[in-house]
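Examination of the molecular architecture
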Amino acid sequence: RSNARVRPLRAELFVRLAVMARRPPAQLLALIAEYRHTYSEHLRELTRAKRHAAEGASAGSELSEELEIEQMLLDAAIFHCEADLRWLDHCEARLAARQRREAS
């Protein structure tokens, strides 16, 4: 049996959305915007770290195997962050549609 596990979902955001579910969409959209900013900053940091690691690898470092693994781990973190940002896009679109329905 494998010890591999599925990455847990972001519990904090889910709890906050659930608690705020009946609030006006504008408040939920503000929460989404707050998380989008946080995830975007994190993605920038990961991208900088990957670029830095790539520079180390191209310098002919003796640690090329370790740097290759570091690149793969950074790729995984980047892909997860991008997926989280896409999910935030999805949430924002649904809430914006709700806001339009409620305004009409």
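Parameters and conventions
Residues numbered from 1 in each chain as written. Predicted model: local features only at pLDDT ≥ 70, side-chain atom pairs only at ≥ 80, totals over all residues. Heavy atoms only, no water. Salt bridge = Lys/Arg side-chain N within 4 Å of Asp/Glu carboxyl O. Helix = DSSP H or I, 4+ residues; strand = E, 2+ residues; numbered from the N terminus. Buried < 20%, exposed > 50% of the residue type's maximum accessible area, 1.4 Å probe, protein only. pLDDT = per-residue confidence, 0-100. Patch = residues over 30% accessible without salt bridge, like charges linked within 9 Å, V, L, I, M, F, W, Y side chains within 5 Å. Areas by Shrake-Rupley, 256 points an atom, 1.4 Å probe, with all protein chains shown as cover. Expected span 1.5 Å × (residues − 1). Phe/Tyr/Trp six-rings, centres within 6.5 Å; stacked < 30°, edge-to-face > 60°.

With respect to the pattern of salt bridges
One pass over the structure, following the stated rule, counts 6 salt bridges. Put simply, R44 and E41 hold a salt bridge, and the shortest N to O gap is 2.4 Å. With a gap of 3 residues between them, R44 and E41 both fall in helix 2 (residues 25–58), about one helical turn apart. Judged by its relative accessible area of 40%, R44 is partly exposed.

A word on the confidence of the model for the protein
Mean pLDDT over the protein works out to 85, with 83% of the residues at or above the 70 mark. Averaged pLDDT values for the elements of the protein fall to 85 in helix 1 (residues 11–19) and rise to 91 in helix 3 (residues 64–103).

As for a nonpolar patch on the surface
On the surface, I69, M72 and L73 cluster together into a nonpolar patch covering about 300 Å² of accessible area. Summarising the element assignment, L73 is placed in helix 3.

So, helix 3
Taking 1.5 Å of rise per residue, 40 residues should cover 58 Å, and helix 3 covers 57 Å from first to last C-alpha, within 8% of that figure. Those residues of helix 3 not exposed but buried are L67, Q71, L74, D75, I78, C81, D84, L85, L88, C91 and L95.

Some words on the packing of aromatic side chains
For the structure on display, the rule yields 2 aromatic pairs. On the numbers, 5.0 Å between centres and 85° between planes, the contact of F14 with W87 is edge-to-face. Residue F14 is located in helix 1, and its partner W87 is located in helix 3; the two are separated by 73 residues in the primary sequence. Using a relative accessible area of 31% as the deciding quantity, one classes F14 as partly exposed. Ring plane angle 35° and centroid distance 6.4 Å describe the contact between Y35 and Y39, whose orientation is recorded as tilted. Of this pair, Y35 and Y39 both sit in helix 2, 4 residues apart, roughly one helical turn. In this structure Y35 comes out as buried when scored by relative accessible area, which is 9%.

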